[in-house]
Amino acid sequence: MKILRSIEEIESLRSEWQSRNLRIALVPTMGYLHAGHLSLVHIAKAQSDRVIVSIFVNPAQFGPNEDLDRYPRDFDRDERLCAEAGVDAVFYPAATDMYAADHSTWVLEDSLSQTLCGASRPGHFRGVTTVVLKLFNLSGCSVAVFGRKDAQQALIIRRMVRDLNVPVQVVFAPLVREPDGLALSSRNKYLSPAERQGALSISRGIFQAEERYRAGVREAAPLLAVVQESISAAGGKIDYVALMDQDTLRPLAVADRPALLAVAAFFGQTRLIDNVFLE
Ligand code: PAF
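Residues numbered from 1 in each chain as written. Predicted model: local features only at pLDDT ≥ 70, side-chain atom pairs only at ≥ 80, totals over all residues. Heavy atoms only, no water.

*Asks:* Explain the site of the ligand to me, using residue names and the numbers behind them.
*Replies:* Surveying the vicinity of the ligand reveals the residues Pro28, Thr29, Met30, Asn58, Gln61, Val131, Asp150 and Gln153. For the ligand, an oxygen atom lies 2.6 Å from a polar atom in the side chain of Gln61. Compared with its free state, where it exposes 290 Å², the ligand has 89% of that area covered by protein. Here the residues of the shell around the ligand sort into three nonpolar, four polar and one charged. (Near = heavy atom within 4 Å. Polar contact = N/O pair within 3.5 Å; in protein donor to acceptor, adjacent residues only side chain to side chain. Areas by Shrake-Rupley, 256 points an atom, 1.4 Å probe, with all protein chains shown as cover. Nonpolar A, V, L, I, M, F, W, Y, C, P; charged D, E, K, R; others polar.)

Here's what the structure looks like:
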């Protein structure tokens, strides 16, 4: 497995692979890998000849009071997990290489980014779309895999690819959970045992809402209420619990078309997200 630390190194590997007509898949990550990331690698391997995992804690997608500095990092462990998963190359650039001191060009998706996490984290998705397009360009990937855990992010990237005619196939991968239901996230590391226990109320609420939906309930109010009640009873602070149209990310009063039930809530200082696609 190759470790690529500079722009020149990834460009040269990309040229070599492209000259041999190899189909390249990219799995963009911020590192501190878990089973969710590795599931993306397995999907990427099945769809390509070569897999690149990028590990880059992207400063452009963090707000001034967010967790950029304390975001968990463990490159040695990530490298080992990638090697074990059969990754061909890890791209691990420095922020100063990814962003020139006078960087001034941004990719702005202007509709789906306005709501949910985009409303709570101004500028977040501008940072995501910008870095993802850079990673697509640098890696020369034909396919890129994103987890449904970050559903809004995945939908925004799919929209960016469509709107800007980016020649990359965007694959959505299933959300991966711990056996007790907690959605896998690198940020779960921040949770104390008591907070982690409380955080299980998010998935519990989501499963109950899904059960109601499967039983035929379509009105947003009872679907959202069961999630809100579950989180509040466990002492969580809700950022949003919302039922959205999957295509437009506009709120739905009735789930009469493919819908996304999305949640963001704080346990302690840790902001967690989770969701279910209702269709
Ligand atoms: O989902 C993530 O880990 C990040 O938002 C991504 C896609 C790697 C961009 O920095």
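*Asks:* Tell me what's going on with the pattern of salt bridges, and back it up with residues and numbers.
*Replies:* Summed over all chains, the structure comprises eleven salt bridges. For Glu16, the salt bridge identified is with Arg20, shortest N-O distance 2.9 Å. Look at the salt bridges and you will find they share partners, linking Asp245, Asp256 and Arg257 into a network. (Salt bridge = Lys/Arg side-chain N within 4 Å of Asp/Glu carboxyl O.)

*Asks:* An account of unusual backbone geometry is requested, with residue identities and associated values reported.
*Replies:* Phi at Asn21 takes a positive value of approximately 60°, unusual for a residue other than glycine. Mapped onto the elements of the fold, Asn21 is located in the loop between helix 1 (7-19) and strand 2 (24-29). Judged by its relative accessible area of 70%, Asn21 falls in the exposed class. In the Ramachandran plot, Leu116 falls in the positive-phi region, its phi being about 45° despite a non-glycine side chain. Relative to the assigned elements, Leu116 resides in helix 5 (residues 116-120). (Helix = DSSP H or I, 4+ residues; strand = E, 2+ residues; numbered from the N terminus. Buried < 20%, exposed > 50% of the residue type's maximum accessible area, 1.4 Å probe, protein only.)

*Asks:* How would you summarise the sheet that holds strand 8 (residues 259-267) if you had to cite specific residues and measurements?
*Replies:* Ordered by their spatial adjacency, three strands build an open sheet running 7-8-9, and the pairing between neighbours is antiparallel. Lying at the two open borders of the sheet, with one neighbouring strand each, are strand 7 (237-245) and strand 9 (270-278). Sheet twist, expressed as the average angle between the axes of neighbouring strands with direction ignored, equals 10°. Across nine bridges, strand 8 lies against strand 9 in antiparallel orientation. Following the sheet pairing, Leu260 is matched in strand 9 by Phe277. Here helix 8 (residues 193-214) sits on the sheet in contact with strand 8 and strand 9, set at roughly 15° to strand 9. On the sheet, helix 9 (residues 220-233) packs against strand 7, strand 8 and strand 9 and is oriented at approximately 160° with respect to strand 7. (Pairing = 2+ DSSP bridges. Axes fitted to C-alpha atoms, helices over the stretch in contact; angles between N-to-C directions. Contact = heavy atoms within 4.5 Å.)

*Asks:* Give a detailed account of the nonpolar core, specifying residues and quantitative values.
*Replies:* Phe91, Met98, Phe136 and Ile157 are the most contacted members of the largest nonpolar core, which has 49 residues in total. Of all the elements, helix 6 (residues 124-139) adds the most residues to this core, at eight residues. Not counting residues within four places of it along the chain, the set of residues in contact with Met98 comprises Ile7, Phe56, Phe91, Pro93, Val131, Lys134, Leu135 and Leu138. Grouped together as the second largest cluster of nonpolar side chains are 26 residues, Ala199, Ile202, Leu223 and Ala265 included. (Core = buried A, V, L, I, M, F, W, Y, C linked by side-chain atoms within 4.5 Å.)

*Asks:* Pulling in residues and values, what's your account of the packing of aromatic side chains?
*Replies:* Centre distance and the angle of the planes are the two values used to describe a pair of aromatic rings. All told, the structure shown has five aromatic pairs when counted by the stated rule. Look at Phe56 and Tyr99: their rings are 6.3 Å apart centre to centre, the planes differ by 35°, and that puts the pair in the tilted class. Remark: Tyr99 occurs in the loop between helix 4 (95-98) and helix 5 and Phe56 occurs in the loop between strand 3 (50-55) and helix 3 (75-85); sequence separation between them is 43 residues. In this structure an aromatic cluster arises from ring pairing among Phe56, Tyr99 and Trp106. Sitting over the ring of Phe277, Arg148 keeps its end group 4.4 Å from the ring centre. The residue whose ring lies beneath Lys237 is Phe266, and the NZ or CZ to ring-centre distance is 4.7 Å. (Phe/Tyr/Trp six-rings, centres within 6.5 Å; stacked < 30°, edge-to-face > 60°. Lys NZ or Arg CZ within 6 Å of the ring centre and 35° of its normal.)

The quantities given are spatial measurements derived from coordinates; they are silent on function.
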